[in-house]
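# Tertiary structure, described
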Amino acid sequence: LDSWKQTDILPDLNDKVICDVGGGYGEAAIAMKRAFGNLRKCFCLDLVEVINDAPDVEGVDLIAGDMFDSTTIPECDVILTKHVLCDFDDDDVVTALVSFKEALLDDGRVVIADAVLPNDENLNEWSPTVSFDVCLSLTGRRAERSKREWSRLAKMAGFEVIGSFSTSAVTVDLLVLSVIHQPVLK
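Residues numbered from 1 in each chain as written. Predicted model: local features only at pLDDT ≥ 70, side-chain atom pairs only at ≥ 80, totals over all residues. Heavy atoms only, no water.

This next bit is on helix H6 (residues 147-156). Along H6, the positions that sit buried rather than exposed are Trp150, Leu153 and Ala154. In an axial view of H6, the angular spread of the buried residues amounts to 100°, which keeps them on one side of the axis. Count one or two residues on from H6 and you reach Gly158, which has phi positive near 90°. (Buried < 20%, exposed > 50% of the residue type's maximum accessible area, 1.4 Å probe, protein only. Helix = DSSP H or I, 4+ residues; strand = E, 2+ residues; numbered from the N terminus. Arc of directions from axis to C-beta.)

What follows deals with the pattern of salt bridges. Applying the stated criterion across every chain, the model contains five salt bridges. Of the charged contacts in the structure, one is a salt bridge between Asp61 and Lys41, with a shortest N-O distance of 2.7 Å. Separated by 20 residues along the polypeptide, Asp61 in strand S3 (residues 61-64) and Lys41 in strand S2 (residues 41-46) bring together distant segments of the chain. Relative accessible area serves as the criterion here: at 29%, Asp61 is assigned to the partly exposed category. The class for Lys41 is partly exposed, based on a relative accessible area of 34%. It is possible to trace a salt-bridge network through shared partners that takes in Asp15, Arg40 and Asp77. (Salt bridge = Lys/Arg side-chain N within 4 Å of Asp/Glu carboxyl O.)

Glancing now at the confidence of the model for the protein. Keep in mind that low pLDDT regions are not for reading the predicted coordinates in detail. Summarising the model, the protein shows a mean pLDDT of 83, and 76% of its residues fall at 70 or more. Here residues 128-141 scores under 50 on pLDDT; set against residues more than four positions off or in separate chains, the count is 22 contacts. (pLDDT = per-residue confidence, 0-100. Contact = heavy atoms within 4.5 Å.)

Attention now goes to the layout of surface pockets. Roughly 160 Å³ of volume is contained in the second largest pocket. Together, Val21, Gly22, Leu45, Asp46, Leu47, Gly65, Asp66, Met67, Phe68, Val84 and Phe88 line the second largest pocket. Counted by class, the lining of the second largest pocket contains seven nonpolar, two polar and two charged residues. (1 Å grid on protein atoms, 1.4 Å probe; cavity = no way out; pocket = protein on both sides within 12 Å on 5 of 7 lines; lining within 4 Å. Points joined across faces, edges and corners; volume = space filled by probe spheres on them. Nonpolar A, V, L, I, M, F, W, Y, C, P; charged D, E, K, R; others polar.)

Another point: the packing of aromatic side chains. Tallying each qualifying case throughout the model produces one aromatic pair. Plain terms: the ring middles of Phe68 and Phe88 are 5.5 Å apart, the flat faces sit at 80° to each other, and that makes the pair edge-to-face. Note that Phe68 is positioned in the loop between S3 and strand S4 (76-82) and Phe88 in the loop between S4 and helix H4 (90-103), a separation of 20 residues in sequence. Over the ring of Trp150 we find Arg145, and its NZ or CZ is 5.2 Å from the ring centre. (Phe/Tyr/Trp six-rings, centres within 6.5 Å; stacked < 30°, edge-to-face > 60°. Lys NZ or Arg CZ within 6 Å of the ring centre and 35° of its normal.)

Quick look at the structure:
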């Protein structure tokens, strides 16, 4: 959250609605609500079985839904997803991003909190993120993506990456996506 406050790339959250998609029991949403008390509304969306198990959280609305179905995502200014999209293949990520785009209000943003690998030409240099990715690949469960890969997937869903930066956590970089607005043809 300190990283959020230290950059102008991330959206100002004053009087905004944020939804943590795949947010489990709402830990990140609770932290956002505490750090940014001026949020208009704070949602945590996860699968029905997760939300049914979650304790009530003051200041955060827990929503049962599906990130692949935009009708279950509340309209919001910012969608945050942390360590979720890395668990899915490229086609599913594009489907989720399209769903996010449909739920976003005008000038909304998607913030992806995940490890971002160096682009191909920098993979020969040691990096804690690459080491983390190697460990994850050995489990066969997930893989991280480079900024170039995220940019390609974002573009396929109608977004552009407008910012990317590291945080103090090795496994958390932040990518900020903005909807690509098509010019009006006359």
